[in-house]
Amino acid sequence: MRQPLHRELYNLLERGRDRQLRLAVTGLSRAGKTAFLTSLVNQLRHAGLEARLDLLPAAREGRLLGAQRIEQQDLGIPRFPYDQAMAALDAIPPRWPDPTRGISELRLEVRYRPARSGWRQPETARLTLDLFDYPGEWLLDLPLLQHDFLSWSQAQARVGGEQRQAMFSQWHQAVAALDPAGDSDEAQLAELAEQYADGLRRAKVAGFSNLQPGRFLLPGELEGAPVLQFFPLPGLDESQRNELEALPAHSLYATLAKRFRYYQQHVVKPFYRDHFRHFDRQIVLVDVLGALNAGPERFEDLSHALRLLMQSFDYGKRSLLSRLFAPRIDRLTIAATKADHVTPEQHPNLVSLLESLLAEPLQDLRFADIPVKALSLAAIRATQAREVTQQGRSSAALRGTTLEGEEVLVYPGDVPQRLPPANFWQRQGFDFPLFRPVERHTAALDHIRMDAAIDWLFGDKLI
Ligand SMILES: Nc1nc2c(ncn2[C@@H]2O[C@H](COP(=O)(O)OP(=O)(O)O)[C@@H](O)[C@H]2O)c(=O)[nH]1
Ligand SMILES: [Mg+2]
């Protein structure tokens, strides 16, 4: 496809220049962010040597020279634990990297040879990538910035169906008796907040995604602090706003609203300000298969959570001028992760299912004319595809080792092309075992379509 003239001119001017790019790796908890980052570093480090990156032109043409981690911008933030992640994958037996419990940064310097080294151009050029890792639980706090306490309470009351509500039954009973105008009682607030947090934790274990506030699930250094002692008040209505806002400072409503604001100002805003602004490119990772495994209510819940989440990012075309001030995401990838959990002929369905899961945000992005690529990938491939012949008929299967160490040959099931109707779960559902990572025989991690993802994310910067 021919590029527009201004694009060509831009590329010509920029060719071979040292550049910098901030990548947003976005995903809820267990979507596969840490695995993706680990694989990204690993593939780029071994580019040109052992990494299989045929779908990335710079690598295919032998121009990608490799990558190194360099000193990051913010020295106060821990470094992304790449070595620990690799050590886990190299353990006997291999393990998945530990779940992320805090923020970490990563700055990679990628070296490449420009496609046509012309007059006055350097022999090699550099692309600096800034990335960071964080617990997915905290990400869902970003949409909370759009609310005040009253609207948040109403939004929370609308979230979820029966199964999710059931996780909060104890809290529901206790909170129903409360009077917003009554005096607040510290001990009671702490207890109710703990019950609310307990509901969130149970919903998480049960596979729900749309869970706020995120720090209730993973408090970090805020464990036990009063800023985490609030909860939404059910049964409130917008028409009561004036009345509620006139309540005295010691009332239950005013106390909860104050803590909510504090949480926004001192927890969510700094997280957003320091890490979630000024991205150039984004990849949204979604564990579509996990949600398919978990049933209809969780599937819907994930779709809703992602819709809210994507509203927190700045998308827009950037011109040479505007990027000097505030870079915006001008291109993104959405990826169904862990594609090695299904047989390869199911991958196209996995991609269309992902697209229907994200239908609404995709519509908005299309309207804003932001190019989006949807794909399925496995950052760290743990299975091998096999053909099995039974009574003269051959069918697809996967070979892998379960987390318990059992070698299995399975057919995990058909992936539906669109959001499945309710009877999908009654009829067959979808079930796959979790696999453990394979023992490595090469320095580069085996993957599915990491190269395609890299190409779409920043292949255009490696020319
Ligand atoms: N089979 C397979 N499993 C994966 C892959 N990526 C992630 N996983 C699984 O998903 C879990 C969560 O991944 P992780 O990267 O920690 O998710 P995060 O919470 O988004 O950082 C891992 O512990 C693995 O069990 C993959 O490429 N293939
Ligand atoms: Mg992680």
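Refer to the structure above for everything that follows.
Bear in mind the structure is a predicted one, so any value in this text is a computation, not a measurement.

One finds Phe231, Leu233, Phe276, Val286, Val288, Leu292 and Leu332 to be the most contacted residues of the largest nonpolar core, which totals 85 residues. Here this core takes nine residues from helix α11 (residues 252-275), the largest share from any one element. With residues up to four places along the chain from it excluded, the contact list for Leu292 reads Phe299, Leu353, Val415, Pro416, Pro420, Phe424, Trp425 and Phe430. Core analysis: the second largest hydrophobic core is formed by 46 residues, Ala47, Ala67, Val110 and Ala444 among them.

Every protein donor of the magnesium ion (ligand 2) is accounted for by Thr34 (OG1) and Thr100 (OG1), and the metal-donor separations fall at 2.1 Å. Pair noted here: Thr34 is in helix α2 (residues 33-45) and Thr100 is in the loop between α4 (82-89) and β3 (104-112), with a separation of 66 residues, a long-range link. A single burial state applies to Thr34 and to Thr100, both of which are buried.

Residues Val408 and Val410 point to one face of strand β10 (residues 407-410) and are all buried, whereas Glu407 and Leu409, pointing to the other face, are not buried. Direction of pairing for strand β9 (residues 393-401) relative to β10: antiparallel, over a ladder of four bridges. Bridging across to β10, Gly400 finds its partner in Val408. Linkage of β9 to β10, two consecutive antiparallel strands, is achieved through a turn of five residues, within which Gly405 is found at a positive phi near 95 degrees.

The subject of this paragraph is the site of ligand 1. Near ligand 1, the surroundings consist of 16 residues, among which Arg30, Lys33, Thr34, Ala35 and Asp340 are the closest. Taking Gly32, its main chain carries an N or O atom lying 2.9 Å from an oxygen atom of ligand 1. A distance of 2.9 Å separates an oxygen atom of ligand 1 from a polar atom in the side chain of Lys338.

Here we take up the packing of aromatic side chains. Under the counting rule described, the total for this entry stands at 24 aromatic pairs. Among the aromatic residues, ring-to-ring pairing joins Phe149, Trp152, Phe168, Trp171, Tyr196, Phe216, Phe230, Phe231, Tyr253, Phe260 and Tyr263 into one connected group. The positively charged end of Lys33 is found above the aromatic ring belonging to Tyr134, 5.6 Å away from the centroid. Stacked on the ring of Phe271, the Lys or Arg Arg215 has its end atom at 5.6 Å from the ring centre.

Turning our attention to unusual backbone geometry. Residue Pro93 is bonded to the preceding Ile92 through a cis peptide linkage, with omega at -10 degrees. Residues Gln212 and Pro213 are joined by a peptide bond in cis, for which omega reads -5 degrees. Considering the arrangement of structural elements, one finds Pro213 in the loop between α9 (186-205) and α10 (241-245). We note that Asp369 has phi near 60 degrees; this positive angle belongs to a residue other than glycine. Mapped onto the elements, Asp369 comes out in the loop between α16 (359-367) and β7 (372-376). Located in the positive-phi region is Arg449, a residue other than glycine, with phi close to 60 degrees. Residue placement: Arg449 occurs in the loop between α17 (422-427) and α18 (450-458).

As a further point, take the pattern of salt bridges. Tallying each qualifying case throughout the model produces 23 salt bridges. Measuring nitrogen to oxygen at the nearest pair gives 3.6 Å for the salt bridge that ties Asp198 to Arg202. One end of the pair, Asp198, and the other, Arg202, are both in helix α9, four residues apart, so they sit about a helical turn from each other. Asp198 sits in the partly exposed class, given a relative accessible area of 27%. The shortest N-O distance in the salt bridge between Arg281 and Asp330 comes to 2.8 Å. Residue Arg281 is found in strand β5 (residues 281-286), and its partner Asp330 is found in the loop between α14 (322-325) and β6 (332-336); the two are separated by 49 residues along the sequence. Of the two residues, Arg281 and Asp330, both sit in the buried class.

By the element assignment, Arg241 lies in helix α10. Separated by 182 residues in the primary sequence, Arg241 and Asn423 have C-alpha atoms spaced 42 Å apart. Every residue in contact with Arg241, bar those within four places of it in the chain, is listed here: Asp148, Leu150 and Ser151. Of the polar contacts made by the side chain of Arg241, one reaches the side chain of Asp148; its length is 2.7 Å.

About the cut-offs
Residues numbered from 1 in each chain as written. Chains lettered and ligands numbered in written order. Predicted model: local features only at pLDDT ≥ 70, side-chain atom pairs only at ≥ 80, totals over all residues. Heavy atoms only, no water. Core = buried A, V, L, I, M, F, W, Y, C linked by side-chain atoms within 4.5 Å. Buried < 20%, exposed > 50% of the residue type's maximum accessible area, 1.4 Å probe, protein only. Helix = DSSP H or I, 4+ residues; strand = E, 2+ residues; numbered from the N terminus. Contact = heavy atoms within 4.5 Å. Donors = N, O, S within 2.8 Å, 3.2 Å for Na, K, Ca; no water. Pairing = 2+ DSSP bridges. Near = heavy atom within 4 Å. Polar contact = N/O pair within 3.5 Å; in protein donor to acceptor, adjacent residues only side chain to side chain. Phe/Tyr/Trp six-rings, centres within 6.5 Å; stacked < 30°, edge-to-face > 60°. Lys NZ or Arg CZ within 6 Å of the ring centre and 35° of its normal. Salt bridge = Lys/Arg side-chain N within 4 Å of Asp/Glu carboxyl O.

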